[in-house]
Amino acid sequence: MARIASDALIERLADWGVDTVFGLPGDGINGIMEGLRRNQDKVRFVLVHHEEAAAFMATAYAKATGKLGVCLATSGPGGIHLLNGLYDAKLDHMPVLAITGMQETSILGTGYQQEVALDKLYQDVAEYDQMIYNPVQLPAIVDIAIRTAYARRGVAHITVPNDIQVADADADPWQHVAPAAAPKTSAVWLSPPGRPSEEHLQRLADFLNEGEKIAILAGAGALHAREELLALAETLAAPIVKTLPGKATVPDDSPYTTGGIGLLGTKPSEELMEEIDTLFLVGTNFPYTKHLPAKARVAQIEADPARAGARVATEVPVTGDAREGLRGLLPLLKQRSDTSFLTKYQKEMDSWRKKMASLENSGRDPIAPQYLMSVVNAAAADDAILTCDSGTIATWAARHWTIRADRQFYLSGNLATMAPGLPYAIGIQHAYPGRQVIAFVGDGGFAMLMAEFLTAIQHQLPVKVVVNNNNALGQILWEQMILGYPEHGVRYPGSNVDYSAIATANGAYGVKVRQPGDLPGAVRQALDFDGPALVDVDVNPDEPPLPGKVEYEQAKKFAEAFLKGQPHRSTIATTLFRDKIAQLRS
């Protein structure tokens, strides 16, 4: 067969080590699909049910592996559908390549069917954005796109017109009038040095050695630096606070961590931020600056020079990789003998853990979402990977999913979009077929992309899905109340949907759980099942995801919502009362 431009495209992906492309075919990419068919021994195509999910899968693949994620969509509406997942990659700084189709070059600009200028549409989301006009642009454009995605930690986009896709791979149909030829590039990416300069490391060490009450805020950029973070905390006698995307930086039972920060964080983390005189940001660009100290001195180690010192006044912003930077820093630090500050918050964390455990009550009916997460946590493997949707479920996962051993945790961090949990799990399961991958999702998010559970079944992926079913958009419900408004338009009418039926009707394991006594057995069976499994659990819709430390203004607004006619105030009040009694008993 004559070699076509799409062959050059797919072959170059393989040269870069790409082994998986997530996508949905369409008439705008039939040539690229032919390239995938011809090269299926090198690159596998994962057929999904919605392009948005394909982009989520590519993003999750990149998050879990550090390698390029790749997604494919047809021209027009298919390319539009990719955008939400691609913005997830953009905002969480993941290297993802999006490939889309385009109408053939002879009719561009004529308003032909599905003609959408995807190269213009993608200008905001993509770090590199290019249409192919000549077959000989390939594979050099692929090299530049992938190199840019890695270098700038973001999205690259290539759109290929139909006629170019099937043209001769070596076709060069026009006269060259510029003093240049199509570049001959290589599929090579060499990351820049990650170790900061000795001068900067010494300045950082001097700054930290001067601090008395120091805290470390660790984010997703430090996920690969666990040993170094723990050594840093031990040397400085400093607690480690974790952003939610950085939850897996250190184990949750470590004596050096006070857990999360922000609305989903812990009370000890909030309180120590008010007491510290020095804050060291490691691998994070934490955006919720209201939860950062107003007066403490700040230092930061950040991979991107543009983000170093971008959130708060930072005296010592250092550019570098978290692990390499900490390895260079540790020998320069003085061992701190006064551990009183750390000890104080270790005691506070002991109390917090007991309070959280008290809410994991198996006797609650309806089922407490904290209990649901605790059952999954207890049954899951030590190297399990949990993916999570946005919403109240992120609170339950943040507080009741315990990072230990090689466990990991992934969610949509900065975009905080609904529905990525299931496609994240599918993308990661493709990357790690031998590991236990669990999607903890809300009924709202699951309903958006639940057809992707069929993707798991059809690809025989042993993904486990746990649906926290409160028949409501829980996060928005509580956000309305915290603004002082009674809830409106956030609960679905009628009884809870039975999502387990989609599993049982298609040969997977599915079970609906309504009673707390049935939950442990159902979760164990799902995790033990040799294939995809779904556990749909009806939980208490009136369990509030309260902040670790409730501020006066928040409590005032909450009370105002009650006074203005909150329709479920009696059941909410009962739940709050039971929670407080349980915590006092702990």
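Just so it is clear, the model here is predicted, and its values are computed rather than measured. (Residues numbered from 1 in each chain as written. Predicted model: local features only at pLDDT ≥ 70, side-chain atom pairs only at ≥ 80, totals over all residues. Heavy atoms only, no water.)

## Let's talk about the overall build of the protein chain
Here is step 1: If you tally the helices and strands in the protein chain, you get 23 helices and 18 strands.
Here is step 2: Relative to the globule expectation of 25 Å for 586 residues, the C-alpha radius of gyration of the protein chain, 25 Å, shows essentially globular dimensions.
Here is step 3: Along the first, second and third principal axes, the C-alpha atoms of the protein chain reach 80 × 65 × 45 Å.
Here is step 4: Within the protein chain, buried positions represent 55% of all 586 residues.
Here is step 5: In the protein chain, the proportion of contacts linking residues at least 24 apart, taken out of those at least 6 apart, comes to 75%.
Here is step 6: Summed over all atoms, the accessible surface of the protein chain reaches about 23800 Å², with 52% contributed by carbon and sulfur.
Here is step 7: Distance from the positive charge centre (53 side chains) to the negative charge centre (67 side chains) of the protein chain: 6 Å. (Helix = DSSP H or I, 4+ residues; strand = E, 2+ residues; numbered from the N terminus. Rg over C-alpha atoms; globule rule 2.2 N^0.38 Å. Buried < 20%, exposed > 50% of the residue type's maximum accessible area, 1.4 Å probe, protein only. Contact = heavy atoms within 4.5 Å. Areas by Shrake-Rupley, 256 points an atom, 1.4 Å probe, with all protein chains shown as cover. Lys, Arg positive; Asp, Glu negative; His and termini not counted. Charge placed at Lys NZ, Arg CZ, Asp CG, Glu CD.)

## Focus: the environment of E199
Here is step 1: Tracing the backbone shows E199 in helix α9 (residues 198-210).
Here is step 2: For the pair E199 and P493, spaced 294 residues apart in the sequence, the C-alpha separation amounts to 63 Å.

## Side note on the sheet that holds strand β4 (residues 96-102)
Here is step 1: Taken together, the 6 strands give an open sheet; going across it, the order is β2-β1-β3-β4-β6-β5, and neighbouring strands pair in parallel fashion. If you trace the sheet from one side to the other, it starts and ends with β2 (44-47) and β5 (126-131), each paired once. Sheet twist, expressed as the mean angle between neighbouring strand axes with direction ignored, is 20°.
Here is step 2: In the sheet, strand β3 (residues 69-73) pairs with β4 via 5 bridges, with the strands oriented parallel. Directly across from C71, in β4, lies its bridge partner A98. (Pairing = 2+ DSSP bridges. Axes fitted to C-alpha atoms, helices over the stretch in contact; angles between N-to-C directions.)

## Re the sheet that holds strand β9 (residues 257-260)
Where strands meet in a sheet, backbone hydrogen bonds hold them as pairs that are either parallel or antiparallel.
Here is step 1: Pairing is parallel in the open sheet, where 6 strands are placed in the order β9-β8-β7-β10-β11-β12. Because the sheet does not close on itself, it has two edges, and the strands there are β9 and β12 (316-319). Each strand of the sheet is rotated relative to its neighbour by a mean of 15°, with strand direction disregarded.
Here is step 2: Bridging between strand β8 (residues 240-242) and β9 involves 3 bridges; their strand directions are parallel. Counted as the bridge partner of V241 is G259 from β9.
Here is step 3: The strands that helix α11 (residues 267-275) touches are β7 (214-218), β8, β9 and β10 (278-282); relative to β9, the one it contacts most, it runs at about 110°.

## Thoughts on the packing of aromatic side chains
Here is step 1: All told, the structure shown has 7 aromatic pairs when counted by the stated rule.
Here is step 2: Summarising the aromatic geometry, the rings of F22 and Y61 are spaced 6.2 Å apart at their centres and angled 65° between planes, so their arrangement reads as edge-to-face. Placement of the pair is F22 in strand β1 (residues 20-23) and Y61 in helix α3 (residues 51-65), with a sequence separation of 39 residues. Pair check on accessibility: F22 and Y61 agree, each one buried. (Phe/Tyr/Trp six-rings, centres within 6.5 Å; stacked < 30°, edge-to-face > 60°.)

## Regarding the nonpolar core
Here is step 1: Ranked by size, the top nonpolar core spans 55 residues in total, and within it C71, L82, L86, F453, V465 and L534 carry the most contacts.
Here is step 2: It is α3 that contributes the most residues to this core, 10 residues altogether.
Here is step 3: Apart from the residues within four sequence positions on either side, V465 is in contact with L422, A439, V441, F446, F453, A533, L534 and V535.
Here is step 4: Counting 34 residues, the second largest nonpolar core, distinct from the first, contains I393, F440, V523 and V537. (Core = buried A, V, L, I, M, F, W, Y, C linked by side-chain atoms within 4.5 Å.)

## A few points about the pairing of β2
Along any regular strand, the residues point their side chains to alternate faces of the sheet.
Here is step 1: Examined bridge by bridge, β1 and β2 share 4 bridges and lie parallel to one another. The residue bridging V21 from the neighbouring strand is F45, located in β2.
Here is step 2: A crossover connection joins β1 to the parallel β2 through helix α2 (residues 30-38); in handedness this β-α-β unit is right-handed. (Right-handed = clockwise from strand over helix to strand, strands pointing away.)

## Remarks on unusual backbone geometry
Here is step 1: The amide bond that connects L138 to the next residue, P139, takes the cis arrangement and shows omega of 5°.
Here is step 2: Residues D365 and P366 are joined by a peptide bond in cis, for which omega reads 10°.
Here is step 3: Within the fold, P366 resides in the loop between α13 (340-358) and α14 (369-379).
Here is step 4: For A405, which is not glycine, the phi dihedral falls at a positive 50°.
Here is step 5: For A405, the location among the structural elements is in the loop between α15 (392-400) and β14 (408-411).
Here is step 6: Phi angles above zero are rare outside glycine, and N471 is one such case at about 55°.

## Comments concerning the side chain of R307
Here is step 1: Along the polypeptide, R307 turns up in the loop between β11 (297-302) and β12.
Here is step 2: Of note is the side chain of R307, whose polar atom sits 2.9 Å from the side chain of E302.
Here is step 3: In this structure R307 touches H93, N285, Q300 and E302, once residues within four positions along its chain are discounted. (Polar contact = N/O pair within 3.5 Å; in protein donor to acceptor, adjacent residues only side chain to side chain.)

## Regarding a nonpolar patch on the surface
Here is step 1: Nonpolar side chains collect at one region of the surface, where I482, L483 and Y485 lie side by side and expose about 290 Å² of accessible area between them.
Here is step 2: Inspection of the secondary structure assignment puts L483 in the loop between α19 (474-482) and α20 (501-504). (Patch = residues over 30% accessible without salt bridge, like charges linked within 9 Å, V, L, I, M, F, W, Y side chains within 5 Å. Salt bridge = Lys/Arg side-chain N within 4 Å of Asp/Glu carboxyl O.)

## Remarks on the pattern of salt bridges
Here is step 1: Under the definition given, this model contains 29 salt bridges.
Here is step 2: Between R38 and E34 there is a salt bridge whose closest N-O contact spans 2.8 Å. Separated by 4 residues within a single helix, R38 and E34 lie in helix α2, roughly one turn from each other.
Here is step 3: By relative accessible area, which is 24% here, R38 ends up partly exposed.

## Points about the packing of α11 against α13
Relative orientation and spacing of two packed helices are given, respectively, by the angle between their axes and the distance between those axes.
Here is step 1: Look at α11 against α13: their axes get within 9 Å of each other, and the N-to-C directions meet at 155°. In terms of orientation, α11 lies roughly antiparallel with respect to α13. Of the two possible hands of crossing, α11 and α13 adopt the one that is right-handed. Where α11 approaches α13, its residues K267, P268, E271, L272 and E275 are matched on the opposing element by F341, K344, Y345, E348, M349 and W352.
Here is step 2: Considered class by class, the residues forming the contact of α11 with α13 number 6 nonpolar, no polar and 5 charged. (Parallel < 35°, antiparallel > 145°, perpendicular 65-115°, else oblique. Left-handed = near helix turned anticlockwise from the far one by under 90°. Nonpolar A, V, L, I, M, F, W, Y, C, P; charged D, E, K, R; others polar.)

## Regarding the packing of α9 against helix α12 (residues 322-329)
Here is step 1: Running from N to C, α9 and α12 point in directions that differ by 70°, and their axes come no closer than 10 Å. If you check the angle between α9 and α12, you find them roughly perpendicular. Note on packing geometry: the crossing formed by α9 with α12 is right-handed. Residues L201, L204, A205 and L208 of α9 form the contact with α12, whose own contacting residues are G325, G328 and L329.
Here is step 2: Taken together, the residues that form the contact of α9 with α12 break down as 5 nonpolar, 2 polar and no charged.

## What to know about the environment of P25
Here is step 1: Inspection of the secondary structure assignment puts P25 in the loop between β1 and α2.
Here is step 2: The exposure class assigned to P25 is partly exposed, which follows from its relative accessible area of 38%.
Here is step 3: Residues P25 and A310, 285 residues apart in the sequence, show an inter-C-alpha distance of 41 Å.
Here is step 4: Apart from the residues lying within four places of it in its own chain, the contact partners of P25 are M33, F45 and L47.

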